[in-house]
Amino acid sequence: MIIPRSGIGLDVHAYAPEDHPRPLWLGGLLWPGERGLAGHSDGDPVAHAAADALFSAAGLGDLGTHFGTDRPEFAGAAGTTLLAEAARIVRAAGFEIGNIAVQFVANRPKFGPRREESQQVLSDAADAPVSVTATTSDHLGFTGRGEGISAVATALVYPRPHLPIS
């Protein structure tokens, strides 16, 4: 019997200082005209939470374990690159990916018009279905005050069946 495993990922990024602007990468997409997020890589909390959920489900540590700030080769890396690498690591450990679901909390950008595009980009990176939803926090907390964006993700993985040796 194959028993699936679930995992949770959480990622939070503050907006970059106005005197050091960065582009906004969110859900694997560039959002022109929007204030970007601070971070070691591109600061995409949606892609990062998705990767973290995969690691959690497979019991393989977390985002910092694999792509931490002590790894200069990941400075400025695209969130989709990190998600693709996370999926590769999880599969190399003997798991298949069922799906990933992510919800982010922010006042902007308006996500609905680009939801399908984001889901396709993230699904392509993970080579598995990724769904993304967005919400606000009704002006409460740091996301409500417009100080940053948070994202939470769940992932479902399952052990790859071992084939008998013949």
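As shown above, the structure is provided for reference.
Residues numbered from 1 in each chain as written. Predicted model: local features only at pLDDT ≥ 70, side-chain atom pairs only at ≥ 80, totals over all residues. Heavy atoms only, no water.

(A) Structural context of the side chain of Ser-118. For Ser-118, the location among the structural elements is in helix α4 (residues 115-126). What makes Ser-118 buried here is its relative accessible area of 0%. (Helix = DSSP H or I, 4+ residues; strand = E, 2+ residues; numbered from the N terminus. Buried < 20%, exposed > 50% of the residue type's maximum accessible area, 1.4 Å probe, protein only.)

(B) Structural view of the packing of helix α1 (residues 45-58) against helix α3 (residues 79-92). For the pair α1 and α3, interaxial distance at closest approach is 8 Å and the crossing angle is 10°. As judged from the angle between their axes, α1 and α3 are roughly parallel. Along its contact with α1, which presents Ala-47, His-48, Ala-50, Ala-51, Leu-54, Phe-55 and Ala-58, the element α3 presents Gly-79, Thr-80, Leu-82, Leu-83, Ala-86, Ala-87, Ile-89 and Val-90. Partitioning the contact of α1 with α3 into residue classes produces 12 nonpolar, three polar and no charged. (Axes fitted to C-alpha atoms, helices over the stretch in contact; angles between N-to-C directions. Parallel < 35°, antiparallel > 145°, perpendicular 65-115°, else oblique. Contact = heavy atoms within 4.5 Å. Nonpolar A, V, L, I, M, F, W, Y, C, P; charged D, E, K, R; others polar.)

(C) Representation of α1 in the model. A rise of 1.5 Å per residue sets the reference length of α1, with its 14 residues, at 20 Å; its end C-alpha atoms lie 20 Å apart and thus fit the reference within 8%. For α1, the tally of buried residues reaches 13 of 14 residues, placing the bulk of the element in the interior. Taking the backbone nitrogen of Val-46 as reference, a side-chain oxygen 3.0 Å away marks Asp-44 as the first, capping residue of α1. Of the residues trailing α1, Gly-59 is marked for its positive phi of about 70°. (Expected span 1.5 Å × (residues − 1). Polar contact = N/O pair within 3.5 Å; in protein donor to acceptor, adjacent residues only side chain to side chain.)

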